[in-house]
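Now for the letters of each chain:
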Amino acid sequence: MISNPKIFISYSHDSEEHKDWVYRLATDLMSKGVETILDQWDLELGANLPKFMENGLQESDRVLAVCTDIYIDKSNGGIGGVGYENTILTAELLLNQATTKFIPVVRSVSKSMKTPLYLAGRMYIDFSSDSNYEDSLSQLVHEVYEIKQRPKPKLGNNPFLESEVKKPLLRENSTIFFHKRFSSAFPGVRGIDWFEKKQAMERLLILLNEPLVFEDNTPIWWWRSGDLQIENFSREGDDIALMDGQELKISRVAAVNAGSYYQSFVYVEVDPMDSSGLYDIDVDADISYWGYSREELAVYEKHNITRAEYDDNSAVIDGKPVYLNGKAELRIRYLTPYNFIIAPHNSPINNSSYDKRRNEMMNGILNGKMKLEELVDEVLRLPKRGY
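Figured I'd write up the structure that's included with this text.

## Considerations on the packing of helix α1 (residues 16-31) against helix α6 (residues 133-144)
Line of reasoning, step 1. At a minimum axis separation of 11 Å, α1 and α6 run at an interaxial angle of 50°. Taken together, the axis directions place α1 and α6 in an arrangement best described as oblique. α1 and α6 meet at a crossing whose hand is right-handed. Facing α1, whose interface residues are Trp21, Arg24, Leu25, Asp28 and Leu29, α6 presents Tyr133, Glu134, Leu137, Leu140 and Val141.
Line of reasoning, step 2. A class-by-class count of the residues in the contact of α1 with α6 yields seven nonpolar, no polar and three charged.

Here's what the structure looks like:
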């Protein structure tokens, strides 16, 4: 929705009565918060009329063409100011035929064709009846503000399909939801507190307890070289977690609550795991390029298979081709130390202009050249996101 849309009114000076009617329409639009450009109050004697028309037509969000018999004749015949406006509008419509910028307002038209030729086929608003003026005005205001009087309803479920389990509604901003979870997992933390291995795992299980996916939001995300929502987190072993297919050998976490509630986040460090042996990976080259090394594989009935076999939905197991039937689970395993950030989706960390710097900081912390406190200082200076 536009806060205060700007419109230009194109009309012909048919009579004083008609000019009064256009003035009333413009006044009513102004009272509704619509910035209205009208010659009757925007032009002075000696003003450049063509320039006024050009600027009004080009700088407005929408253009109202008040259609009367005289307006249509002048527009189609290229007569006077209306004809000049016709030339400008026709050129713009030729360049962008999908535009909805121009709104025909039918006021007094006896012809079967209710609009000029350049607006033929366009939906119009009918102001022919003075008794329906308020209804027509309401329709016009809704249109200018891009708010449907009768909005399209949400698509329902197919009643002949087995219904899915309905997800709960979040009904609050992700920063509020995250801070509640953060406070439950890390009560009393002010500043930066570290938690090692078992304690780190227990706190993460509280922070990332279900539900994580809601009907209207996925509030908790993780950030590193890519940004993704967290939909599932579970313990696979004493110190092994599975987060949306990522195998994580949790080393330690830092709970950061050094500013306002919306700035809190969790920093996670992961120990390396043994390679599956499925690939010949140049770990040093990965570290040089990414700052860490990882491998993608899949698991099918406790067998490790390659990503290519997962994509083909078939794998060679014990020397025989096996159809996977979509039952293999994709995994990512880190072969070197790794770190990432957990924060609400509306965190200041979710800032595309900070992505590159954030990744540099994370690699610096990983290789011991930077400290977490430096990252925290930078995050606290990032701008708050709009809700």
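## Quick word on α6
Along an α-helix, residues three or four positions apart point the same way, because every turn accommodates 3.6 residues.
Line of reasoning, step 1. Helix length check: α6, at twelve residues, gives a terminal C-alpha distance of 16 Å against a target of 16 Å (1.5 Å per residue), a fit within 8%.
Line of reasoning, step 2. Among the structural elements, β1 (6-10), α1, β3 (62-68), β4 (102-108) and β5 (125-126) are those in contact with the buried residues of α6.
Line of reasoning, step 3. Backbone geometry just after α6 places Glu146 at a positive phi near 60°.

## Description of the side chain of Asn351
Line of reasoning, step 1. Summarising the element assignment, Asn351 is placed in the loop between β18 (338-344) and α11 (355-366).
Line of reasoning, step 2. With relative accessibility at 16%, the residue Asn351 sits in the buried group.
Line of reasoning, step 3. For Asn351, the side chain forms a polar contact with the side chain of Ser353, separated by 2.5 Å.
Line of reasoning, step 4. When sequence neighbours within four positions are dropped, the list of residues in contact with Asn351 reads Leu382 and Pro383.

## Topic: the sheet that holds strand β2 (residues 35-37)
Line of reasoning, step 1. The sheet built from five strands is open, its strands ordered β2-β1-β3-β4-β5 with parallel pairing. Since the sheet does not close on itself, it has two edges, and those belong to β2 and β5, each with one partner.
Line of reasoning, step 2. Examined bridge by bridge, β1 and β3 share four bridges and lie parallel to one another. Counterpart to Ile9 in the pairing with β3 is Leu64.
Line of reasoning, step 3. Lying over the sheet, α1 contacts β1, β2, β3 and β4, oriented at roughly 155° with respect to β3.

## Notes on the pattern of salt bridges
Line of reasoning, step 1. This structure, assessed with the given rule, holds 20 salt bridges.
Line of reasoning, step 2. Across the pair Glu143 and Arg62 runs a salt bridge, and its minimum N-O distance is 2.9 Å. Of this pair, Glu143 sits in helix α6 while Arg62 sits in strand β3, and the two are 81 residues apart along the sequence.
Line of reasoning, step 3. Its relative accessible area of 31% is what places Glu143 among the partly exposed residues.

## Describing the nonpolar core
Line of reasoning, step 1. The biggest cluster of nonpolar side chains holds 34 residues, and the ones touching the most others in it are Val266 and Ile342.
Line of reasoning, step 2. Those elements giving two or more residues to this core turn out to be α7 (174-185), α8 (197-207), β7 (220-223), β10 (240-243), β11 (246-257), β12 (265-271), β17 (329-334) and β18.
Line of reasoning, step 3. Ignoring any residue separated from it by four or fewer positions in sequence, one finds Ile342 in contact with Phe178, Leu204, Leu207, Leu208, Ile220, Trp221, Trp222, Ile230, Phe265, Val266 and Val268.

## Points about the environment of Leu49
Line of reasoning, step 1. If you trace the backbone, Leu49 turns up in helix α3 (residues 49-59).
Line of reasoning, step 2. A relative accessible area of 39% places Leu49 in the partly exposed class.
Line of reasoning, step 3. Residues Leu49 and Ile72 lie 23 residues apart in sequence; the distance between their C-alpha atoms is 20 Å.

Conventions adopted
Residues numbered from 1 in each chain as written. Predicted model: local features only at pLDDT ≥ 70, side-chain atom pairs only at ≥ 80, totals over all residues. Heavy atoms only, no water. Axes fitted to C-alpha atoms, helices over the stretch in contact; angles between N-to-C directions. Helix = DSSP H or I, 4+ residues; strand = E, 2+ residues; numbered from the N terminus. Parallel < 35°, antiparallel > 145°, perpendicular 65-115°, else oblique. Left-handed = near helix turned anticlockwise from the far one by under 90°. Contact = heavy atoms within 4.5 Å. Nonpolar A, V, L, I, M, F, W, Y, C, P; charged D, E, K, R; others polar. Expected span 1.5 Å × (residues − 1). Buried < 20%, exposed > 50% of the residue type's maximum accessible area, 1.4 Å probe, protein only. Polar contact = N/O pair within 3.5 Å; in protein donor to acceptor, adjacent residues only side chain to side chain. Pairing = 2+ DSSP bridges. Salt bridge = Lys/Arg side-chain N within 4 Å of Asp/Glu carboxyl O. Core = buried A, V, L, I, M, F, W, Y, C linked by side-chain atoms within 4.5 Å.

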